[in-house]
Amino acid sequence: MFEFESFEEATVAAALLTGPRHRLVQCNRAFRALFGFWRCGQDAGVALAGSGLRPVLRALDRAGTDRSPALLDAAGVTAQGPPGHRFWVVSCLPVTSRHGASVLLLAVRAPDELGGTAVRPADTADPNADLARYEALHSAVPQVVWRMTPQGEVSALVGSLGETGGGLWHPSQPALSWMDAVHPKDRDWFAGQWAATARGDALLDAVVRIRRAGNPVRYRHVKIIAVPVLRRGELYEWIGTVADAEDQWRQQTRDRLLKRASATASARDLREAFATTASAVVPDLVDAFVVFQLRHPEHTRSGAEALNATRARTALAAGVPPLPPITDDFTLGALAETVVDSRRTKLVTFPPGEPPKALVSEPSADWMVQARATSLAIVPVVVDERTVALAAAATCLGNPPPDDSELRLLEEVLHSVRGPLRRALELQSVRHTALVLQRSFLTTPPHVDGAELAAVYQPASATAEIGGDWYDAIVLPDGAVALSIGDIAGHDLDAATQMTKASSMLRALAYADGPADPAHTLSRLDHVLQGVSTAPLITALHTELRPTANRAWSVTLSNAGHPPPLLIPADGPPRYLHGPLTPDPPLCVAPDMERHHSHHELTDGDTLLLYTDGLVEVAGTDISDGLQRLADQANLARNPDIPLTELVNALLPLPHERADDVAILAFRADSRRQPPHGAGSHLLVESPAPGRPAGRGRRAASRQAPLPHPLPQPPTDGPRRALRRVRHRRRG
């Protein structure tokens, strides 16, 4: 997009015209002094009515085809023209401005000795006069003016190419092309702009990297403005200017990259922070950017100790081959170890596809061969005097290595995100602490004579697996079984801390209360929590089960604002267990309120399912729909001959359906169960780490005592066929 404002103070008379009638929309001070009679908003045909102005009209009409300059005699234009500057060379160039397709009119003063001569044909023009005109242009805009023939021969008309950017490469033989000096990454788009200018579609005005003289891999940013000179519709030559733009490019790129990297401040974790940083530097600075997070950054490494790391984030430019997978015992190479020990950036350059294999790991070396890498820079990410990660940046596909300014810019971008990375590290540490605390309370249920128990916990995602969900199962002194499940609002360390308090106190109160009913136990817990805790809201379900005659179990439960338990009978449809009264409110809401309980019975083969709201709540739908869906799934999956863990597993949402944490605690009355040695079934379903396939979970080892006599075996595929029906229906 052409911006006219840069011409306002130029000594060259400049104007911007638009539309088929060449209406004047912008002009600078020098133009107003020369064409004082031409007002903004006026068409060229109206303003340029005199015979002496016809060359300017013709030049405007030919702007898209023939750009031969016109000679204007200012004495025939206005008596108020600038004294001593009678003759002016007028050029008209097509540009695209904020007004749309436009024409840029430039008038440059010419030597007065041209006076008295007629406008000559372009092919008989005096070369000395042309040079004088270019020198006049150079006096207004200090830069090198050059000329290039259609065959690619370049010569400097004003100044020297060696004076620009410390010396630029230029073709010394006709067989060489200027395009060979353009940086490979810039070559395609620059060639496109060059071709568009040759067609007359636009003015070439670009900042591009040009190879430095005497160094085939070092480039410098220059600003090139060029126009083709046409004679009778044919390309006669190119005229242009070149000026050093390294400082301008560095400042603009720095501002752009730092603005991108500033988004790291809102990152929720280290992976997201590194992803933001990686996307900021590819492909502007490098072709491949990989962040390796050190496994133990707080540990001081000895010289012979291997440097283990995980790949936290990767960003690759188009055309760069993907990185190979790495194993859990992946170790970094000698170059990375040097960077960690010195905390200084290291850069190695090499021929395309020939990395120094002694300095990098074997997987990295193999990949750099495939990617035709030419350099590898490793930058330490230092937070609080600790190297917590390494950023590996590579140029690939035969592209030249980064120069010193690009490497410094990469370091500056990484330096700018230290604050957000520190906060992400602190958040990760808090998350890890809360996760360990939470999982320490998700214990394996006990084995119970005449019953089977199973429990499962499924976090919402790998990055937010801390929550306030919990479950617990204990055997009371009188032989009864106490089951509890609950949920505390939040997904942070405070939620995990409050969860541990509530679950610990409920377990202690249930054990100490003896034969007291669950409502009494929840009332005592509510009273204690409101006295010593700051938990805002807790839903909980507490139940006690006692064996009775006829291989049945008596169930007494109290519900504090929690989703109702689901009874899955051995025969008959599943149903939810509600008390005779409306449900009691959650804990920590109404102090000293009376709580209630209800009585139910489990017969042999019946299953009682306790769960948290993540199993039935779906955003945008009513919870009653989720409850009905769970009952339907349980109806399809119920079978007393399959392990209870498989039933529970079949009811879990698929990985892409998770919106909240899910905890499930199941109790099945099974008279065939004898008291075994060891723990009950416990299932921990983890969110799959990136690169790992999503599985249903890992089942803890379950030890069961041999049965006293053989039991009839169910059909080999009957129970599991029912589970397949559940999964098929959910996928459909």
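**Examining unusual backbone geometry**
Link 1 in the chain: For the bond from V282 to P283, the omega torsion is 5°, close enough to zero to count as cis.
Link 2 in the chain: The phi dihedral of R343 falls on the positive side, at around 60°, and the residue is not glycine.
Link 3 in the chain: Mapping R343 onto the fold places it in the loop between α8 (334-342) and β13 (346-349).
Link 4 in the chain: Under the relative-accessibility criterion, R343 is labelled partly exposed at 40%.
Link 5 in the chain: For R372, which is not a glycine, the phi torsion comes out positive at approximately 55°.
Link 6 in the chain: Following the sequence through the fold, R372 ends up in the loop between α9 (362-370) and β14 (375-383).

**A word on the nonpolar core**
Link 1 in the chain: Among the nonpolar cores identified, the biggest contains 53 residues, and F289, L332 and L376 are the most heavily contacted of them.
Link 2 in the chain: Counting residues per element, this core draws most heavily on strand β15 (residues 386-395), at 7 residues.
Link 3 in the chain: Residue contacts for L376: discarding those within four places in its chain leaves L335, K346, L347, V348, F350, V360, M368, A392, A393 and A394.

**Observations concerning the packing of aromatic side chains**
Link 1 in the chain: Per the stated rule, a full pass over the model turns up 10 aromatic pairs.
Link 2 in the chain: Chaining the aromatic ring pairs together yields one cluster made of F31, F35, F37 and W38.

**A word on the sheet that holds strand β19 (residues 538-547)**
Link 1 in the chain: If you trace the 5 strands from one edge of the open sheet to the other, you get β17-β18-β19-β20-β23, paired in antiparallel fashion. On the outer flanks of this sheet lie β17 (470-475) and β23 (598-602), each paired with one strand and no other. In this sheet, neighbouring strand axes are inclined to one another by 20° on average, regardless of whether the strands run parallel or antiparallel.
Link 2 in the chain: Pairing geometry for strand β18 (residues 481-488) and β19, over 8 bridges, is antiparallel. Paired with D487 across the bridge in β19 is T539.

**Overview of helix α15 (residues 644-651)**
Link 1 in the chain: Among the 8 residues in α15, 8 count as buried, and that is most of the element.
Link 2 in the chain: Along α15, the residues classified as buried are L644, T645, E646, L647, V648, N649, A650 and L651.

**Structural notes on the sheet that holds β14**
Link 1 in the chain: Taken in spatial order, the 5 strands make up an open sheet running β12-β11-β15-β14-β13, and their pairing is antiparallel. On the outer flanks of this sheet lie β12 (309-316) and β13, each paired with one strand and no other. Each neighbouring strand pair of the sheet contributes to a mean axis angle of 15°, computed without reference to strand direction.
Link 2 in the chain: Taken together, the 7 bridges between strand β11 (residues 288-294) and β12 define a ladder with antiparallel strand orientation. Directly across from V291, in β12, lies its bridge partner R313.

**A word on the pairing of β18**
Link 1 in the chain: Of all 8 residues in β18, 8 are buried, a share of seventy percent or more.
Link 2 in the chain: Of the two faces of β18, both are covered, the one formed by V481, L483, I485 and D487 as well as the one formed by A482, S484, G486 and I488.
Link 3 in the chain: For β17 and β18, the ladder comprises 6 bridges, and the chain directions are antiparallel. Along β18, the bridge assignment pairs I474 with A482.

**A short note on empty space enclosed by the protein**
Over the atoms rolls a probe the size of a water molecule, and in doing so it shows where empty space is left.
Link 1 in the chain: This structure, assessed with the given rule, holds 6 cavities of 30 Å³ or more.
Link 2 in the chain: If you add up the space inside the largest cavity, you get close to 280 Å³.
Link 3 in the chain: Classifying every residue of the lining of the largest cavity by side-chain character gives 20 nonpolar, 3 polar and 1 charged.
Link 4 in the chain: In this structure, the second largest cavity occupies an estimated 120 Å³ of space.
Link 5 in the chain: As for the second largest cavity, its lining consists of 15 residues, and the residues nearest its centre are H183, R209, P400, P401 and E406.

Conventions used here
Residues numbered from 1 in each chain as written. Predicted model: local features only at pLDDT ≥ 70, side-chain atom pairs only at ≥ 80, totals over all residues. Heavy atoms only, no water. Helix = DSSP H or I, 4+ residues; strand = E, 2+ residues; numbered from the N terminus. Buried < 20%, exposed > 50% of the residue type's maximum accessible area, 1.4 Å probe, protein only. Core = buried A, V, L, I, M, F, W, Y, C linked by side-chain atoms within 4.5 Å. Contact = heavy atoms within 4.5 Å. Phe/Tyr/Trp six-rings, centres within 6.5 Å; stacked < 30°, edge-to-face > 60°. Pairing = 2+ DSSP bridges. Axes fitted to C-alpha atoms, helices over the stretch in contact; angles between N-to-C directions. 1 Å grid on protein atoms, 1.4 Å probe; cavity = no way out; pocket = protein on both sides within 12 Å on 5 of 7 lines; lining within 4 Å. Points joined across faces, edges and corners; volume = space filled by probe spheres on them. Nonpolar A, V, L, I, M, F, W, Y, C, P; charged D, E, K, R; others polar.

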